[in-house]
Every structure is written in C-alpha cells, then in structure tokens.
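Below, each chain spelled out in residue letters.
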Amino acid sequence: VQLVESGGGLVQPGGSLRLSCAASGFTFSSYAMSWHRQAPGKEREPVAGISSAGSSTNYADSVKGRFTISRDNAKNTVYLQMNSLKPDDTAVYYCHTVGTRNWGQGTQVTVSS
C-alpha cells in the first residue's frame, strides 16, 4: 500500500498549485480520500475530503472557495487544486485513505513573496 504526493513547491501569495497523490496496492475506487496539512509547530488538520466515487466533497472553512479536491479512479489518483494561496497555507500536505492508517510522505507547500 502506497500513497505518493507530488506538486508542492514555493509560490507567491495569490498563486496556485495542484497537488497529486498516486495510490497503489489497494482498491482505490473503494475508499474515500482526504488531504491534510501540518504547519510548523501546529497539529495536522484536515483540509478536504472526497467520497469513493467522487460525488461528495467537503472542505475546511479556511480553504472553502479556494481549494478543490477531485479524483480520477482510472488513474488511482486524487488531486488538490489550490488557488488564491495565502502565507497561512504554508504546510506539509498529506494524502490519506479515509478509515485506514495509510498516509503519504507529504509534500511541502510554501507560500511566500
């Protein structure tokens, strides 16, 4: 079982990034997936979630209207489109298989001018 995130980096405030999480080793289409983030000195927090079929999504209040979670079950991949990024969005972003102990290794997102 493996989750591999990619797409992080350094971006200026107001910019955009698209994170990807490639899954393998389990039946991806059977599981809801989520993105979480952890900023320095803070606890890990949920950012967004998506149902197994992709028909239902949910977001933290802090990212509503700016972030969009989606998935492609044919590619075993879940995405997080992040727009209008703010310095407070700086964190390590993790992909997670809901209801399991499966976590990715994380990808760093830094929002700074």
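In case you missed it, the structure is sitting above this.
Just so it is clear, the structure is predicted and the values come from calculations on it, not from any experiment. (Residues numbered from 1 in each chain as written. Predicted model: local features only at pLDDT ≥ 70, side-chain atom pairs only at ≥ 80, totals over all residues. Heavy atoms only, no water.)

Asker: When you look at the environment of Tyr31 in this model, what are you seeing that I'm missing?
Answerer: Of note, Tyr31 is situated in the loop between strand E3 (17-24) and strand E4 (33-38). As for Tyr31 and Gly7, which are separated by 24 residues in sequence, their C-alpha atoms are 22 Å apart. Sequence-distant contacts of Tyr31, defined by excluding residues within four places in its chain, comprise Phe26, Ser52, Arg71, Thr97, Val98 and Thr100. (Helix = DSSP H or I, 4+ residues; strand = E, 2+ residues; numbered from the N terminus. Contact = heavy atoms within 4.5 Å.)

Asker: In this structure, what is going on with the pairing of strand E9 (residues 91-97)? I would like to understand it.
Answerer: Counting buried residues in E9 gives 6 out of 7 residues, a clear majority hidden from the surface. With 6 bridges connecting them, E4 and E9 associate as antiparallel partners. Looking across to E9, one finds that Trp35 is bridged to Cys95. The sheet contact formed by E9 and strand E10 (residues 107-111) spans 3 bridges and is antiparallel. Paired with Tyr93 across the strands is Thr107, a residue of E10. (Buried < 20%, exposed > 50% of the residue type's maximum accessible area, 1.4 Å probe, protein only. Pairing = 2+ DSSP bridges.)

Asker: Before we go on, may I ask you to explain unusual backbone geometry in this structure?
Answerer: Of all residues except glycine, most have a negative phi; of all peptide bonds, most are trans. One non-glycine residue, Asn76, lies in positive phi territory at about 50°. One can find Asn76 in the loop between strand E7 (67-72) and strand E8 (77-82). One non-glycine residue, Ser84, lies in positive phi territory at about 50°. With respect to the element layout, Ser84 can be found in the loop between E8 and E9.

Asker: Help me out: how do you make sense of the sheet that holds E10 in this one?
Answerer: Each strand in a sheet pairs with its neighbour through backbone hydrogen bonds, running either in the same direction (parallel) or in the opposite one (antiparallel). Spatially, the 6 strands line up as an open sheet ordered E2-E10-E9-E4-E5-E6, and their pairing is mixed. Only two strands of the sheet have a single neighbouring strand rather than two, namely strand E2 (9-11) and strand E6 (57-59). Within the sheet, the average angular offset between the axes of one strand and its neighbour, ignoring direction, is 25°. (Axes fitted to C-alpha atoms, helices over the stretch in contact; angles between N-to-C directions.)

Asker: Sorry, what's going on with the nonpolar core here?
Answerer: If you look at soluble globular proteins, the nonpolar side chains tend to sit buried side by side. Counting residues in each nonpolar core, the largest one holds 27 residues, and the members touching the most others are Trp35, Val47, Phe67, Val78, Leu80, Met82 and Tyr93. Sorting the residues of this core by element identifies E3, E4, strand E5 (45-50), E7, E8, E9 and E10 as the ones contributing at least two each. Considering every element that reaches this core, the biggest residue donor is E3, with 4 residues. Beyond its immediate stretch of four places on either side in the chain, Met82 contacts Gly15, Ser16, Leu17, Leu19, Arg66, Phe67, Tyr93 and Val109. (Core = buried A, V, L, I, M, F, W, Y, C linked by side-chain atoms within 4.5 Å.)

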